[in-house]
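Read off the chains here:
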Amino acid sequence: MCGRRSILGLALASTFAFAGLAVAPASPAAAESVRVGIVGGEDEDVWKVVAEQAAKSGLTIKTVVFNDYTQPNEALERGDVEANAFQHKPYLDNQIKTRGYHIVPVGFTAVWPIGLYSHRHHSVAELPKGAIIGVPNDPSNEGRALIVLQSVGLIKLRDGSGILATTADVVANPKDVKIKELDAGVVGRSIDDLDAAVVNTDWALKSGLKPDTDRIAQEPLADNPYRNFIAVKAGHENDAWVKSLVAAYQNDAVKDALAKTYHGTGVPAW
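Residues numbered from 1 in each chain as written. Predicted model: local features only at pLDDT ≥ 70, side-chain atom pairs only at ≥ 80, totals over all residues. Heavy atoms only, no water.

### Some remarks on unusual backbone geometry
Inference 1: Its identity as a non-glycine residue notwithstanding, Asp176 has a phi of 55 degrees, on the positive side.
Inference 2: In this structure, Asp176 sits in the loop between strand E10 (170–172) and strand E11 (178–182). (Helix = DSSP H or I, 4+ residues; strand = E, 2+ residues; numbered from the N terminus.)

Below, the structure is given as structure tokens:
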């Protein structure tokens, strides 16, 4: 999340759907086209399968691909897309608080458990005193990363700091680890300059990190608050096309696509 060109200049429409949007909501059986903002990468392959499923109910999906996390919500708020699918609730809550967006979740997609990765050390126990650990610097993911570090005993956070904890909430640090805040898209690529790094799974894959060999800790899946979802502008959550869009994602074909694309690191959240 850094200096930007215009949203429309960075957005690339996928080639597997048709352009255009119906002026008024149509029934699921009627021909209709919606633009869905996603972040580029492996998820594009999953959304090809979602588009195939949507076509069965008469809904054409046109994906609009962005290169970072800040643009899809801005595009949705402005009406450049009708939906997006890339974020979890803590991230959206922070975006609404800081930017005043009118965006609501309408259906869960998948969850990518965040992990602690290292090329230098094979376990948390091997991390030396004064180890340098990278974490994402956006508010929701930094808090998430710090909770992972707390769960493995590297730090202790102030009671009540919650999922938006910052380094100012660290009240105990027995190994005197140095926490280095980096852009979410950079932290994984900086792994060789760090003792370890907490990296979102999608960025870990893009950075060439291997969960089976490089990941030394991971947040639990049970009751995970970071499930991703499809989101739309408030007031459209009950539109017929929204129900069709959610159903196009929440099915066995997309489960198979997630397994094939993410090899178990991204799992269904519905």
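### Examining the packing of aromatic side chains
Inference 1: The full count for this structure, using the stated rule, is 7 aromatic pairs.
Inference 2: Measuring from centroid to centroid gives 6.4 Å for Tyr69 and Tyr91, while their planes differ by 65 degrees, and the two rings are edge-to-face. Placement of the pair is Tyr69 in the loop between strand E3 (59–66) and helix H3 (71–78) and Tyr91 in helix H4 (residues 89–99), with a sequence separation of 22 residues. For the pair Tyr69 and Tyr91, one class covers both residues: buried.
Inference 3: Their ring planes at 75 degrees and their centres at 5.3 Å tell us that Trp112 and Tyr262 sit as a pair that is edge-to-face. (Phe/Tyr/Trp six-rings, centres within 6.5 Å; stacked < 30°, edge-to-face > 60°. Buried < 20%, exposed > 50% of the residue type's maximum accessible area, 1.4 Å probe, protein only.)

### Details of the packing of helix H2 (residues 43–55) against helix H9 (residues 240–249)
Inference 1: Contact geometry for H2 and H9: axes closest at 8 Å, N-to-C directions at 125 degrees. With respect to H9, the element H2 is oriented oblique. For the element pair H2 and H9, the recorded crossing hand is right-handed. Contact with H2, carried on its side by Val46, Trp47, Val50, Gln53 and Ala54, involves Leu245, Ala248 and Tyr249 of H9 and no other residues of that element.
Inference 2: Here the contact of H2 with H9 is composed, by residue class, of 7 nonpolar, 1 polar and no charged. (Axes fitted to C-alpha atoms, helices over the stretch in contact; angles between N-to-C directions. Parallel < 35°, antiparallel > 145°, perpendicular 65-115°, else oblique. Left-handed = near helix turned anticlockwise from the far one by under 90°. Contact = heavy atoms within 4.5 Å. Nonpolar A, V, L, I, M, F, W, Y, C, P; charged D, E, K, R; others polar.)

### Some details on helix H5 (residues 139–151)
Inference 1: The end-to-end C-alpha distance of H5, which contains 13 residues, comes to 19 Å, matching closely the 18 Å that a straight helix rising 1.5 Å per residue would cover.
Inference 2: Among the residues making up H5, those that are buried are Ser140, Asn141, Glu142, Gly143, Arg144, Ala145, Leu146, Val148 and Leu149.
Inference 3: Immediately beyond the C-terminal end of H5, within one or two residues, lies Gly153, with a positive phi of roughly 85 degrees. (Expected span 1.5 Å × (residues − 1).)

### Digging into the environment of Asn141
Inference 1: Here Asn141 shows up in helix H5.
Inference 2: A residue is classified by how much of its surface remains accessible, and Asn141, at 3% relative accessible area, is buried.
Inference 3: Along the chain, Asn141 and Thr166 lie 25 residues apart, while their C-alpha atoms are 9.9 Å from each other.
Inference 4: In contact with Asn141, other than residues within four places in its own chain, are Tyr69, His88, Ile114, Pro136 and Asn200.
Inference 5: A polar atom in the side chain of Asn141 sits 3.4 Å from the side chain of His88. (Polar contact = N/O pair within 3.5 Å; in protein donor to acceptor, adjacent residues only side chain to side chain.)

### Re the pairing of strand E8 (residues 132–136)
Inference 1: Extensive coverage of E8 is indicated by the burial of 4 of its 5 residues.
Inference 2: In this sheet, E11 lies alongside E8 in parallel orientation, the contact comprising 5 bridges. Residue pairing for E11: Ile133 is matched across the bridge by Ile179.
Inference 3: By the bridge criterion, 2 bridges tie E8 to strand E12 (residues 196–199) in an arrangement that is parallel. (Pairing = 2+ DSSP bridges.)

### Topic: the side chain of Asn224
Inference 1: Structurally, the position occupied by Asn224 is in the loop between strand E13 (215–218) and strand E14 (228–233).
Inference 2: Here the side chain of Asn224 touches Glu219 through a polar contact of 3.1 Å, side chain to side chain.
Inference 3: Separated by 2.7 Å, the side chain of Asn224 and the backbone nitrogen of Tyr226 make a polar contact.
Inference 4: Excluding its chain neighbours within four sequence positions, the residues that come into contact with Asn224 are Val111, Arg144 and Glu219.

### Observations concerning the sheet that holds E12
Inference 1: The strand order across the open sheet built from 5 strands is E11-E8-E12-E7-E13, with neighbouring strands paired in mixed fashion. The two strands at the open ends of the sheet, each matched to only one other strand, are E11 and E13. On average, adjacent strands in this sheet sit at an angle of 25 degrees to one another, irrespective of strand direction.
Inference 2: For strand E7 (residues 115–117) and E12, the ladder comprises 3 bridges, and the chain directions are antiparallel.

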